[in-house]
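Overview (structure and organization)
Next come the chains, spelled out residue by residue.
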Amino acid sequence: MIQTIRKAWGVPELRKKIVFTLLILLIFRIGNAIPVPYINTTLLGNYLDSMSGTVLGLYNVMSGGAFAEATVFALGVQPYINSSIIIQLLTIAIPKFTDWSKEGESGQKKLSLVTRWLTVVLALVTAVGYTLYISNSGMVQTYKNTWENVVVKIVLVACYCAGAALIMWLAERINEFGIGNGISIILFAGILSRVPSMVSGMSISLKSGAMQWWHALLVVIGILALIVLITWVNGAERRIPVQYAKRQVGRKMYGGQSSTLPMKVNMSGVLPIIFAQSIAMIPSTIAAFCKQPKEGTFWYGFLNAIDTKSVLYMIFYFLMIIAFSYFYALSLIHISEPTRLRRIS
């Protein structure tokens, strides 16, 4: 790996792309440190710690902790990821989108434009709902004048929407001028930024005796094993044999050769997993905002059944991942006619 990085750094074109990507990530981390005004971050952080099994907890993880710290980039890449998956799935359902996907570069520009606008809409809806909720929970500074409170809410919504739009722009710049995979790189940078706090928490647990040293060792080994497994699966590909027909040109015979068509096993990447988790957490999120029922009642058992730690949630989450991965891969290879489906299978 180190040798590969050295070779890439030795190529001027790749070196420029790497430096540009690092500068974009630096801007992203600076935005994650700029707080939004009028919010009590202490109360918000404590509240989100108790909501770790809901969509709010997922947003906090995806944003690298920026959601709990109420920074400009609090919404993270989640609106952009959701809009990208929605547009990809709609290319199968909407004929106009299907036609655009077959028009080459011009059609992809139209789909990208629709994706950007949908990202702004999703960010606006999320920002409005989030702002109203934390305002009603007493986490936002209030004034006696009603119009001043309205201005505060408008400022918060504008900051969150602007941050989501800027992250979308940064991800596209990485795709265009950097090393590519802008969404994944920004998402990885946000999650990686939480590693120091995790290491600090583990060291405190070891010193206090709450965790044994061999527990920590098993956790580290498990994390490394997962990284190796995910990397191996992500790089795996199925090579489909392709036989070229022979053709005669004059007195010479050409063709008749065999080759392979490489297809990635994991074509959809991590996007269906994030999208499925967002949908699977909606019931538990709604339940967290409602009054807790008494033990032994029907609703108490129902809430336990849809909890993020229940078997029913895991089964539903598993089926959602398979469904979104299938439809996402289906949209990528543009299968719409039965004949093309039979031809590939």
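Residues numbered from 1 in each chain as written. Predicted model: local features only at pLDDT ≥ 70, side-chain atom pairs only at ≥ 80, totals over all residues. Heavy atoms only, no water.

**As for the overall build of the chain**
- Scanning the chain for helices and strands turns up 17 helices and 4 strands.
- Long-range pairs, those at least 24 residues apart, make up 65% of the contacts in the chain with a sequence separation of at least 6.
- Charge-centre separation for the chain: the mean point of 29 positive side chains lies 10 Å from the mean point of 13 negative side chains. (Helix = DSSP H or I, 4+ residues; strand = E, 2+ residues; numbered from the N terminus. Contact = heavy atoms within 4.5 Å. Lys, Arg positive; Asp, Glu negative; His and termini not counted. Charge placed at Lys NZ, Arg CZ, Asp CG, Glu CD.)

**Regarding the confidence of the model for the chain**
- Scored by pLDDT, the chain has a mean of 81; 91% of the residues are at 70 or more.
- Per-element confidence in the chain ranges from a low mean pLDDT of 40 for helix α17 (residues 338-344) to a high of 91 for helix α9 (residues 146-177).
- Taken together, the stretch residues 335-345 has pLDDT below 50 and engages in 8 contacts with residues farther than four places along the chain or on a different chain. (pLDDT = per-residue confidence, 0-100.)

**Observations concerning the packing of aromatic side chains**
- This model, assessed by the stated rule, comprises 7 aromatic pairs.
- An aromatic cluster is built from Phe67, Tyr130 and Tyr160, whose rings are joined through pairwise contacts. (Phe/Tyr/Trp six-rings, centres within 6.5 Å; stacked < 30°, edge-to-face > 60°.)

**With respect to a nonpolar patch on the surface**
- There is a patch of nonpolar side chains on the surface, built from Trp9, Val19, Leu23, Leu26, Ile30 and Ile34 and spanning about 550 Å² of accessible area.
- The element that contributes the greatest number of residues to the nonpolar patch is helix α2 (residues 12-31), accounting for 4 residues.
- Structurally, Leu23 is set in helix α2.
- The exposure class of Leu23 is partly exposed, given its relative accessible area of 49%. (Patch = residues over 30% accessible without salt bridge, like charges linked within 9 Å, V, L, I, M, F, W, Y side chains within 5 Å. Areas by Shrake-Rupley, 256 points an atom, 1.4 Å probe, with all protein chains shown as cover. Salt bridge = Lys/Arg side-chain N within 4 Å of Asp/Glu carboxyl O. Buried < 20%, exposed > 50% of the residue type's maximum accessible area, 1.4 Å probe, protein only.)

**Notes on the environment of Phe73**
- Counting through the fold element by element, Phe73 comes out in the loop between α5 (66-69) and α6 (78-93).
- Distance in space between the C-alpha atoms of Phe73 and Gly31 is 5.9 Å, their sequence separation being 42 residues.
- Once residues lying within four places of it in the same chain are set aside, the contact partners of Phe73 are Ile27, Phe28, Gly31, Asn32, Ser63, Ala66, Gly163, Leu166, Ile167 and Leu170.

**A closer look at the packing of α9 against helix α10 (residues 182-192)**
- It is at 7 Å that the axes of α9 and α10 come closest, and there the two elements cross at 120°. It follows from the interaxial angle that α9 and α10 lie oblique. The crossing of α9 and α10 is right-handed. Here α9 contributes Ile167, Leu170, Ala171, Ile174 and Asn175 to the contact with α10, which in turn contributes Gly182, Ile183, Ile185 and Ile186.
- Looking at the contact of α9 with α10 residue by residue, the classes come out as 7 nonpolar, 2 polar and no charged. (Axes fitted to C-alpha atoms, helices over the stretch in contact; angles between N-to-C directions. Parallel < 35°, antiparallel > 145°, perpendicular 65-115°, else oblique. Left-handed = near helix turned anticlockwise from the far one by under 90°. Nonpolar A, V, L, I, M, F, W, Y, C, P; charged D, E, K, R; others polar.)

**Focus: α6**
- With 16 residues, α6 ought to run about 22 Å at 1.5 Å a step, and its terminal C-alpha atoms sit 23 Å apart, in line with that.
- Taken residue by residue, α6 has Gln78, Pro79, Tyr80, Ile81, Asn82, Ser83, Ser84, Ile85, Ile87 and Thr91 as its buried positions. (Expected span 1.5 Å × (residues − 1).)

**Observations concerning the pattern of salt bridges**
- Summed over the entire model, instances satisfying the criterion amount to 4 salt bridges.
- In this structure, the salt-bridge partner of Arg116 is Glu172, at a minimum N-O distance of 3.0 Å. Here the residue Arg116 occupies a position in helix α8 (residues 105-136), and Glu172 occupies one in helix α9, the gap between them amounting to 56 residues.
- What makes Arg116 partly exposed here is its relative accessible area of 30%.
- Between Arg239 and Glu237 there is a salt bridge, with the nearest N and O atoms lying 3.0 Å from each other.
- Under the relative-accessibility criterion, Arg239 is labelled exposed at 57%.

**Details of the environment of Val233**
- With respect to the element layout, Val233 can be found in helix α12 (residues 213-235).
- Take Val233: its relative accessible area is 33%, and that puts it in the partly exposed class.
- Taking the C-alpha atoms as reference, Val233 lies 35 Å from Leu303; in sequence the two are 70 residues apart.

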